[in-house]
Amino acid sequence: PSSLSVESLFSPLVVMSGLVVSFAHGSNDVSNAAGPLSVIAGFATYPATRDLDAIPRPYWTNALAALGFVAGIMVMGGRTIRLVGCKLAKQTKTKAFATQFGAACTILVCSLLRQTVSTSHVLVGAVVGASLAENHWGTNAEPVDFKVLLKIVVGWIVTIPIAGGIAYVCFYAVNIASGQW
């Protein structure tokens, strides 16, 4: 069969793997966002309890985090989607399927192992892996844009201390303002 007909066969698989990636994101990223809020709400509801594992987690915190996740994608996700899906490496249906399936498997296994991972890191790694495989097997694929990859990696490196610094200042300011220190 021609390459074009193989690509067309993957249309439903890309949709299906996209749904699995979305499920994987929910198992990891939304849970990361809901975790602190869930603990705070649990302690507020059961103030005498000091055992973190004994506190029931309110489901509304997951729903709130999921709404925020969807709103973020709708409002600001387009730039990231274009960066990873077009600029880092052009996607075909077969490559998109391999990327999404590889990322979903990785994220779900990590979630089952209770290992917090960055789904963004996982997806970028999967895009690069599928693109390198496509280039290795002799197709005339466009290569990974390593300048874009470097920009992404530098962004990952600098955002950790920036987020930590902002959280430090915020925590300090709240405690000073509230008279706790």
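All values reported here derive from a predicted model rather than from experimental measurement.

Trainee: Would you mind going over the overall build of the protein chain with me for this structure?
Mentor: Counting its secondary structure elements, the protein chain contains six helices and zero strands. In sequence order, the protein chain lays out its α and β elements as α-α-α-α-α-α. The C-alpha atoms of the protein chain give a radius of gyration of 20 Å, which is well past the 16 Å a tight globule of 181 residues would have. Dimensions of the protein chain, computed from the C-alpha atoms along their principal axes, are close to 70 × 30 × 30 Å. Going through the 181 residues of the protein chain one by one, you find that 26% of them count as buried. Of all intrachain contacts in the protein chain linking residues separated by at least 6 positions in sequence, the fraction that spans at least 24 positions is 68%. Total accessible area on the protein chain stands at roughly 12200 Å², and carbon and sulfur atoms take up 72% of it. On the protein chain, the mean spot of the 11 positive side-chain charges and the mean spot of the 7 negative ones are 8 Å from each other.

Trainee: Please explain a nonpolar patch on the surface as it appears in this structure.
Mentor: On the surface, a cluster of nonpolar side chains totalling about 570 Å² of accessible area is made up of Leu150, Val154, Ile157, Val158, Ile162 and Ile166. One can find isoleucine 166 in helix α6 (residues 146–177). Note on isoleucine 166: relative accessible area 56%, which makes it exposed.

Trainee: Teacher, can you tell me more about the pattern of salt bridges here?
Mentor: Where charged atoms from two side chains of opposite charge come close, those side chains can pair. Tallied over the full model, the rule gives one salt bridge. Note that glutamate 134 and lysine 95 form a salt bridge whose closest N and O atoms lie 2.8 Å from each other. Of the two residues, glutamate 134 is situated in helix α5 (residues 119–136) and lysine 95 in helix α4 (residues 93–112); the sequence distance between them amounts to 39 residues. No difference in accessibility class separates glutamate 134 from lysine 95, as the two residues are buried.

Trainee: Honestly, the packing of helix α2 (residues 11–45) against α4 in this entry has me stumped. Any pointers?
Mentor: Between two packed helices, both the angle of their axes relative to each other and the distance between the axes serve to describe the pair. Contact pair α2 / α4: the axes reach a minimum separation of 8 Å and the direction vectors enclose 25°. By the angle between their directions, the pair α2 and α4 is classed as roughly parallel. Judged by the sense of rotation from one axis to the other, the crossing of α2 with α4 is left-handed. Between α2 and α4, the contacting residues are Ser11, Leu13, Val14, Ser17, Gly18, Val20, Val21, Phe23, Ala24, Ser27 and Asn28 on the first element and Lys93, Ala96, Phe97, Gln100, Phe101, Ala104, Ile107, Leu108 and Ser111 on the second.

Trainee: Would you explain α4 in this entry?
Mentor: Along an α-helix, residues three or four apart share an orientation, since each turn contains 3.6 residues. Between its first and last C-alpha, α4 extends 28 Å over 20 residues, near the 28 Å set by a 1.5 Å rise per residue. When α4 is considered as a whole, its buried residues turn out to be Lys95, Ala96, Thr99, Gln100, Ala103, Ala104, Ile107, Cys110 and Ser111. Along the long axis of α4, the arc covered by the buried residues comes to 155°, so they all point the same way.

Trainee: Hey, could you run me through a positive patch on the surface in this one?
Mentor: A contiguous patch of positive charge, built from Arg79, Arg82, Lys87, Lys90 and Lys151, is present on the exposed surface. When residues in the positive patch are grouped by element, the largest group, three residues, is from helix α3 (residues 59–87). As for its placement among the helices and strands, lysine 151 is situated in helix α6. The class of lysine 151 is exposed, set by a relative accessible area of 67%.

Trainee: I'm lost on the packing of aromatic side chains in this one. Help?
Mentor: Aromatic ring pairs: the centre-centre distance and the angle between the two ring planes describe each pair. Under the definition given, this model contains four aromatic pairs. Relative to tryptophan 181, the ring of tyrosine 172 has its centre 5.7 Å away and its plane inclined at 55°; by these criteria the two rings are tilted. Judged by its relative accessible area of 54%, tryptophan 181 falls in the exposed class.

Trainee: Is there a simple way to think about the side chain of serine 17 in this case?
Mentor: Tracing the backbone shows serine 17 in helix α2. From its side chain, serine 17 meets the backbone oxygen of valine 14 in a polar contact 3.1 Å long. Aside from chain neighbours lying at most four places away, what touches serine 17 is Phe97, Gln100 and Phe101.

So, how was this worked out
- Residues numbered from 1 in each chain as written.
- Predicted model: local features only at pLDDT ≥ 70, side-chain atom pairs only at ≥ 80, totals over all residues.
- Heavy atoms only, no water.
- Helix = DSSP H or I, 4+ residues; strand = E, 2+ residues; numbered from the N terminus.
- Rg over C-alpha atoms; globule rule 2.2 N^0.38 Å.
- Buried < 20%, exposed > 50% of the residue type's maximum accessible area, 1.4 Å probe, protein only.
- Contact = heavy atoms within 4.5 Å.
- Areas by Shrake-Rupley, 256 points an atom, 1.4 Å probe, with all protein chains shown as cover.
- Lys, Arg positive; Asp, Glu negative; His and termini not counted.
- Charge placed at Lys NZ, Arg CZ, Asp CG, Glu CD.
- Patch = residues over 30% accessible without salt bridge, like charges linked within 9 Å, V, L, I, M, F, W, Y side chains within 5 Å.
- Salt bridge = Lys/Arg side-chain N within 4 Å of Asp/Glu carboxyl O.
- Axes fitted to C-alpha atoms, helices over the stretch in contact; angles between N-to-C directions.
- Parallel < 35°, antiparallel > 145°, perpendicular 65-115°, else oblique.
- Left-handed = near helix turned anticlockwise from the far one by under 90°.
- Expected span 1.5 Å × (residues − 1).
- Arc of directions from axis to C-beta.
- Phe/Tyr/Trp six-rings, centres within 6.5 Å; stacked < 30°, edge-to-face > 60°.
- Polar contact = N/O pair within 3.5 Å; in protein donor to acceptor, adjacent residues only side chain to side chain.

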